[in-house]
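Structural features, examined
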Amino acid sequence: MTEAYGAAGPEVPADAAAAGVWARWRPVHRPFGPRQQFTAGRRAASAALAAAGAADRIVPRDPGGRPRFPRGFAGSISHTDHLAVAVVVPGAAAVGVDIESAVISPRATAFVLSVQERLKLLPSAGKYTPRELFAAKEAAFKALSGIGSLGDFLFWQIELRPADGALIASYRGVPVTVWINSDEDLSLAVAISPG
C-alpha cells in the first residue's frame, strides 16, 4: 500500500500492510529545514488519509504539538532531513511510525537498549540493527503515547521482545506490535495498538 511520489523509503512490512496500514512518502524540499519537514509530513499525512478513505485530510497540531488525525483514522508522521512518511490505520486505537537514517553509536545503543534487549535482539542472537531497534522504540513510543492512559514516560523505557517476525513493545504491561523494514540508508518502524 506504499506509493512512491518523488521519493520513497522501505516498503511497509507485509504483516503491517495486512493489518490495514496505509503509508505515503513525500520528499522534503530545500533548504531541508523544520518548515519543509513539517510541510512534507503533512502532505504525506493528507495522501495517506486519502488512500485510507478519509473525507477529512487536514492534520492540525493538537495543543501539545502532536499531529491530530481525524476521528476513526489513527495516524502518525515521521521525517528525516530529506524524506517524510505518514501512516494511517483506520479503526486502530493508536499508531506510531518512525524513520531513521542515522547511524546509532554503540554508546547510544547501550543507553537506549537494555542488556536483555541487546543480548536477544542484536546480532548474533537476534536479527535487528541498532538503528532498527531505535526506530522500533520511537514508533512504539508514539503509539503508546497515543493511547493516552500511560502518563509521561521516555521512549527508551519501552521494552522490546521478538514475536513471530515482529516485535512486541510494551510499557507498564501495555503492548503494541511493531514491524520493521530497512534498506541500506533508512529504517522504517510501524507500531499499532488495535482498536
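Residues numbered from 1 in each chain as written. Predicted model: local features only at pLDDT ≥ 70, side-chain atom pairs only at ≥ 80, totals over all residues. Heavy atoms only, no water.

So, about the sheet that holds strand 6 (residues 159–163). Ordered by their spatial adjacency, five strands build an open sheet running 5-9-8-7-6, and the pairing between neighbours is antiparallel. Whereas interior strands pair on both sides, the edge strands pair on one side only; in this sheet they are strand 5 (94–100) and strand 6. Across this sheet, the average inter-strand angle for adjacent strands is 25°, counted without regard to direction. One ladder, built from five bridges, connects strand 6 with strand 7 (residues 166–171); its direction is antiparallel. (Pairing = 2+ DSSP bridges. Helix = DSSP H or I, 4+ residues; strand = E, 2+ residues; numbered from the N terminus. Axes fitted to C-alpha atoms, helices over the stretch in contact; angles between N-to-C directions.)

So, on to the nonpolar core. Within the largest apolar cluster, 27 residues are counted, with the highest numbers of intra-cluster contacts made by Leu 133, Leu 167, Val 176 and Val 178. Mapped by element, the contributors of at least two residues to this core are helix 5 (130–147), strand 7, strand 8 (174–182) and strand 9 (187–193). A total of eight residues in this core trace back to one element, the largest contributor, which is helix 5. (Core = buried A, V, L, I, M, F, W, Y, C linked by side-chain atoms within 4.5 Å. Buried < 20%, exposed > 50% of the residue type's maximum accessible area, 1.4 Å probe, protein only.)

Right, let's talk about the confidence of the model for the protein chain for a bit. Averaged over every residue, the pLDDT of the protein chain is 93; residues scoring 70 or more account for 96%. Predicted confidence for residues 1–6 stays below pLDDT 50, and this span has 17 contacts to residues more than four positions away or in other chains. (pLDDT = per-residue confidence, 0-100. Contact = heavy atoms within 4.5 Å.)

What follows deals with the pattern of salt bridges. This model, assessed by the stated rule, comprises one salt bridge. Salt-bridge contacts for Glu 117 lead to Lys 137; the nearest nitrogen and oxygen are separated by 2.9 Å. Remark: Lys 137 occurs in helix 5 and Glu 117 occurs in helix 4 (residues 115–121); sequence separation between them is 20 residues. Overall, Lys 137 belongs to the buried group, its relative accessible area being 1%. (Salt bridge = Lys/Arg side-chain N within 4 Å of Asp/Glu carboxyl O.)

This paragraph deals with the packing of aromatic side chains. Throughout the structure, instances matching the rule amount to five aromatic pairs. Cluster of aromatic residues (ring-pair linked, three or more members): Phe 111, Phe 134, Phe 155 and Trp 156. (Phe/Tyr/Trp six-rings, centres within 6.5 Å; stacked < 30°, edge-to-face > 60°.)

Moving on, we get to unusual backbone geometry. The amide bond that connects Arg 30 to the next residue, Pro 31, takes the cis arrangement and shows omega of 10°. With respect to the helices and strands, the residue Pro 31 is situated in the loop between strand 2 (22–27) and helix 2 (34–52). Looking along the chain, the bond that leaves Pro 123 and enters Ser 124 is cis, with omega of 20°. Checked against the element boundaries, Ser 124 lands in the loop between helix 4 and helix 5. Notably, Asp 164 is not glycine yet its phi reads approximately 50°, a positive angle. Looking at the element boundaries, Asp 164 is found in the loop between strand 6 and strand 7.

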